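Next come the chains, spelled out residue by residue.
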Amino acid sequence: MVITIINHSIVFILILLLCTLEPVKRLQLNPKFRFLKVITRYHSIYAWLLLILSLIHGLLAEKTSASISGKMVWMILLLLIVFAYFRKKMPPSVWKTIHISFSVMLTIGIIAHITHAVFI
């Protein structure tokens, strides 16, 4: 049981890391780190993949107290994706603030959810 949770967690953390690498491509990178531009090209796909896989995970997981935190984190991710569709109608500074705020909440929520599921 715990090993299955850890395996799921590793996959979700890897996808989350791929999403969080997006700002790195804006840096002036050394030529040996050009692969980051290729990896981060699929930022939106990673978000949708994270949403779909986490939905499947939630449907297949046992109903424990950690499922409540999982639902909250999933809703944050869903809101982040919904806001992304309206970003062109927002001033860039507003979108950046929303995106960073929800991304931080999502990351903290995922860490809390995994910690709760594994250790409590």
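A short tour of the structure in this document, coming up. (Residues numbered from 1 in each chain as written. Predicted model: local features only at pLDDT ≥ 70, side-chain atom pairs only at ≥ 80, totals over all residues. Heavy atoms only, no water.)

## Quick look at the overall build of the protein
Short version of the rule: Helix and strand assignments come from DSSP, with helices taken as H or I runs of at least 4 residues and strands as E runs of at least 2, each series counted from the N terminus. We call a residue buried when its accessible area falls under 20% of the maximum for its residue type, exposed when it is over 50%, and partly exposed in between, using a 1.4 Å probe and counting protein chains only. Contact criterion: two residues are considered in contact whenever any of their non-hydrogen atoms come within 4.5 Å of each other. Methods summary: accessible areas were calculated by the Shrake-Rupley approach with a probe of 1.4 Å, and residue burial reflects only the protein chains presented.
Broken down by element type, the protein carries five helices and zero strands. Starting at the N terminus, the α and β elements of the protein follow one another as α-α-α-α-α. Relative to its 120 residues, the protein shows a buried fraction of 28%. Contacts in the protein between residues at least 24 apart in sequence constitute 64% of all its contacts with a sequence separation of at least 6. When the accessible surface of the protein is summed, it comes to about 8,400 Å², and 76% of that surface belongs to carbon and sulfur atoms.

## Section: a nonpolar patch on the surface
Basically, it comes down to this: By definition, no residue in a patch forms a salt bridge, and every one has over 30% relative accessible area; like charges are joined within 9 Å, nonpolar side chains (Val, Leu, Ile, Met, Phe, Trp, Tyr) within 5 Å. Salt bridge, as used here, is a side-chain nitrogen of Lys or Arg placed within 4 Å of a carboxyl oxygen of Asp or Glu.
Together, W48, I52, L55, I56, L59, L60, V82, Y85 and F86 give the surface a local cluster of nonpolar side chains, amounting to about 960 Å² of exposed area. Looking at the nonpolar patch, the elements with two or more residues in it are α3 (43-60) and α4 (66-85). Among the secondary structure elements, F86 is positioned in the loop between α4 and α5 (92-119). Since its relative accessible area comes to 44%, F86 is described here as partly exposed.

## A closer look at the packing of α4 against α5
Quick reminder of the rule: Here the axes come from fitting lines to C-alpha atoms, over the contacting stretch only for helices, and the angles between their N-to-C directions go from 0 to 180 degrees. Geometric relationships in this document are graded by angle, where less than 35 degrees denotes roughly parallel, more than 145 denotes roughly antiparallel, 65 to 115 denotes roughly perpendicular, and other angles denote oblique. Each crossing is labelled by how the near helix is turned from the far one, with a counterclockwise turn of less than a right angle marking it left-handed and a clockwise turn marking it right-handed. Amino acid classes used here: Ala, Val, Leu, Ile, Met, Phe, Trp, Tyr, Cys and Pro are nonpolar; Asp, Glu, Lys and Arg are charged; the rest, including Gly, are polar.
At a minimum axis distance of 9 Å, the contact between α4 and α5 shows a crossing angle of 160°. Viewed along their axes, α4 and α5 adopt a mutual orientation that is roughly antiparallel. Here α4 and α5 pass one another in a crossing that is left-handed. Contact residues: α4 offers A66, S69, G70, V73, I76, L77, L79, L80, F83 and A84, while α5 offers W95, I98, H99, F102, S103, M105, L106, G109, I110, H113, H116 and A117. For the contact of α4 with α5, the residue count by class is 15 nonpolar, seven polar and no charged.

## Regarding α4
Quick reminder of the rule: Expected helix span is given by 1.5 Å per residue-to-residue step, counting one fewer step than there are residues. The directions from the helix axis to the C-beta atoms are what the arc is built from.
Its 20 residues place the ends of α4 29 Å apart at the C-alpha level, agreeing with the 28 Å of an ideal helix rising 1.5 Å per residue. Looking at α4, one finds that the buried residues are A66, S69, G70, V73, I76, L77, L80 and I81. Around the axis of α4, the buried residues are gathered within 135° of arc, so they sit on the same side. Turned more than 90 degrees away from the buried face of α4, the exposed residues are I68, K71, M72 and Y85.

## Quick look at α3
An ideal rise of 1.5 Å per residue puts 26 Å on 18 residues; α3 measures up with 26 Å between its terminal C-alpha atoms. Burial in α3 covers these residues: H43, Y46, A47, L50, L51 and S54. All buried residues of α3 fall inside an arc of 140° around its axis, so they share one side. In this structure, α3 carries I45, L59 and L60 as exposed residues pointing more than 90 degrees from its buried face.

## A few points about the nonpolar core
Condition: The nonpolar core is taken to be a set of buried Ala, Val, Leu, Ile, Met, Phe, Trp, Tyr and Cys residues, with the residues joined through side-chain atoms within 4.5 Å.
Counting 20 residues, the largest nonpolar core has L50, L77, L106 and I110 as its most contacted members. Elements with a contribution of two residues or more to this core: α1 (2-20), α3, α4 and α5. Top contributing element to this core by residue count: α5, with six residues.

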